[in-house]
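Letter by letter, the chains look like this.
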Amino acid sequence: MSTDAFVHPDEIRSMFSSAMSDMYRSEVPQYGTLMELVYEINQNKLEANPKLADSLEYNGELERIDLERHGAIRLGKPEELFNMRRLFAVMGMHPVGYYDLSVAGVPVHSTAFRPIDEEALKRNPFRVFTSLLRLELIEDEDLRHQAESILAKRNIFTADATKLIYLAEKNGGLTRIQAEQFVAEALETFRWHSDATVTLETYQKLHDAHRLIADVVCFKGPHINHLTPRTLDIDAVQQDMPKRGITPKAIVEGPPARSCPILLRQTSFKALEERVNFIGDRRDETLGTHTARFGEIEQRGIALTAEGRKLYDTLLAATRHAVQINAGGSNARDYETELADRFRAFPDDYETLRVEKLAFFRYSPTKAGLSAAKKGDLDPATPVNELVDQGYLRADPIIYEDFLPVSAAGIFQSNLGSDEQKNYSEQSNQDVFEQCLGAPVSDELALYAGLEHASLADALKTLGVRKN
Ligand code: OOG
Ligand code: NI
């Protein structure tokens, strides 16, 4: 079969992400409200800030803003993670990064499945934060065995999804009809099921060990637990959420508001309480409830180098050491003030971030640069910083496409019922995670560095300047 007959993985990802958004909108109505709010605020922001609109357009990001979202799932056993990698690969999504959330008291470790190359990211940056439960962190041995045996019985993929993954691997792609069927079948894995696979008593025992364990173990599959649109002004959305009947968590996770946004800022609203039928229940008798699903928004900024990330981690750790948010979140303002104060040590203009090599940039020749090169006015030995100063080379921020472990833990905690921050530490276990996954995860810093280098090499070549 010729490869022309195959649907491009980027297109399958777009089909899937839009089907997922429709499904979530019908399952969680507040998600629809949030989408509207984010859309309005993005429009206002773009109108009020033409420079931002230009820069997004120049970097091919303007079109993707409204498509943009991430989701999250939690898996129970290694084989699920292994097959989830295969399923996402059909849509051009690959594991990037390793996140150890046990450092913040959440018994999972995670990766993000996402498109990797620039073109694919521009077409549709949909990503899924995927966690694997660490059953070894359940202390009670009987309960651990019980959880294992419940999970051993389930298969989270439909027979047709499994068959289509196999066909995509074997043939190198899916035809239009197969791709449509694949999207419909894959969606089944992420759907919410109100029928639990256990009795209320078992649910409660697992819930007492950790709410997250009950969420993963007691259901047929890894229901998508949130879908997150990208906003251009997270503080405005956070502030307007209550006006639309949505109560956000106490603080925005990540760095403070800045003129040059870095990394990722996120906030979420509480999980819905859902009715669940437990095994052994008569339909009209005692039904239980479970809180699993929530809403979240994110604002993305520039990706940081290892150096920049070190500074970010240090300033964040110092803030969290100085002010720990309590369970009710009543000292949230103290935390925000502390965060803003500490982050004054982080330069807040792009030129300093670039010259001090704290963040990653995409280089391209300007019109003036191109015409100088054409006239032969450019010394092939001109240093990069001089080319930028002369206006011959431009540097645009490379957007951070990944997640932050401390923020992710905060989102988990908040939706497990508390805003309390915990800072205890456990052993991270990337090797075990990669064994379960059946592949190594990509190193996100190497990906950003690769993009920066490639753009610079191209730009210098076009300008006829030697690499320096
Ligand atoms: C995932 C929480 C992490 C994020 O955006 O950092 C996350 C979960 O609750 O399963 O989605
Ligand atoms: Ni999220």
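Quick caveat: nothing in here was measured; it's all calculated off a predicted structure.

A. Just the side chain of T231, in detail. Structurally, T231 is set in the loop between β7 (226–229) and α11 (234–240). Residue class for T231 comes out buried when judged on its relative accessible area of 0%. Those residues in contact with T231 that lie beyond four places of it in its chain are V38, I41, N42, V237, I297, E298 and Q299.

B. Spatial organisation of the site of ligand 1. Every residue lining ligand 1 is accounted for by H70, A72, R74, F129, N225, H226, Q266, F294, E296, F403, A408 and F412. The side chain of R74 places a nitrogen or oxygen atom 2.7 Å from an oxygen atom of ligand 1. In the model, an oxygen atom of ligand 1 is placed 2.6 Å from a nitrogen or oxygen of the Q266 side chain. When ligand 1 is considered free in solution it has 320 Å² of accessible area, and contact with the protein chains removes 100% of it. Mapped onto the shell around ligand 1, the elements with two or more residues apiece are β2 (69–75) and α17 (405–415). Sorting elements by how many residues they give to the shell around ligand 1 places β2 first, with three residues.

C. Summary view of the sheet that holds β2. With mixed pairing, five strands are arranged side by side in an open sheet as β3-β4-β5-β2-β7. The open sheet has two free edges, formed respectively by β3 (94–100) and β7, since each of these has just one partner strand. Going from strand to strand, the sheet's axes swing by 20 degrees on average, the running direction of each strand aside. Both β2 and β7 contribute to a ladder of four bridges, which runs antiparallel. Residue pairing across strands places G71 opposite L227, the latter belonging to β7. Set on the sheet, helix α18 (residues 430–437) makes contact with β3, β4 (108–114) and β5 (127–133); between it and β4 the angle comes to about 55 degrees.

D. Just the environment of A214, in detail. Secondary-structure assignment places A214 in helix α10 (residues 211–217). Residue classification places A214 among the buried positions, given a relative accessible area of 0%. Counting along the chain gives 67 residues from A214 to A147, while the straight-line C-alpha distance between them is 8.9 Å. Ignoring sequence-local partners within four residues, the contact set of A214 consists of Y203, L206, H207 and F219.

E. Inspection of the packing of aromatic side chains at higher detail. Scanning the entire structure with this criterion turns up 16 aromatic pairs. Centroid distance F88 to F113: 4.8 Å. Interplanar angle 35 degrees. Geometry classified as tilted. With F88 in helix α4 (residues 78–89) and F113 in strand β4, this residue pair connects regions lying 25 residues apart in the sequence. Per residue, the accessibility class of F88 equals that of F113, and both read buried. Ring centres of Y99 and F403 lie 6.4 Å apart, and the angle between their planes is 85 degrees; on these two criteria the pair is classed as edge-to-face. Of this pair, Y99 sits in strand β3 while F403 sits in the loop between β13 (393–397) and α17, and the two are 304 residues apart along the sequence. Note on accessibility: Y99 and F403 belong to one class, buried.

F. Representation of the environment of Q413 in the model. The residue Q413 is located in helix α17 in this model. Judged by its relative accessible area of 13%, Q413 falls in the buried class. Considered as a pair, Q413 and R211 are 202 residues apart in the sequence and their alpha carbons are 10 Å apart.

Cut-offs applied
Every chain begins its residue count from 1, and numbering advances along the sequence as written. The lettering of chains begins at A and the numbering of ligands begins at 1, in the order of writing. At least 70 in pLDDT is required for a residue's local features to be given in this predicted model, at least 80 for side-chain atom pairs to be given and counted, and no such filter applies to totals for whole chains, interfaces and linings, which use all residues. Computation of side-chain values: all heavy atoms of the structure, hydrogens and water removed. By definition, any uninterrupted DSSP run of H or I lasting at least four residues is a helix, any uninterrupted run of E lasting at least two residues is a strand, and each is numbered from the N terminus. Here's how the labels work: a residue is buried when its accessible area is under 20% of the maximum for its type, exposed when over 50%, partly exposed in between, all with a 1.4 Å probe on protein chains only. The criterion used for residue contact is that any of the two residues' heavy atoms lie within 4.5 Å. Here a residue is near a molecule or strand as soon as one of its heavy atoms is found within 4 Å of it. In the analysis that follows, any N or O atom pair within 3.5 Å is treated as a polar contact, provided that within protein one partner can donate a hydrogen and the other can accept it, and provided that, for residues neighboring in sequence, both atoms belong to side chains. Where accessible areas are quoted, they stem from the Shrake-Rupley method and a 1.4 Å probe; at the residue level, only the protein chains shown are allowed to cover. Two strands qualify as a pair provided DSSP detects at least 2 bridges between them. Axis lines are fitted through C-alpha atoms, for helices just across the contact stretch, and the angle between N-to-C directions can take any value from 0 to 180 degrees. Aromatic rings from Phe, Tyr and Trp, taking only the six-membered ring of Trp, are treated as a pair when their centres fall within 6.5 Å; an angle between ring planes under 30 degrees marks them as stacked, one over 60 as edge-to-face, and anything in between as tilted.

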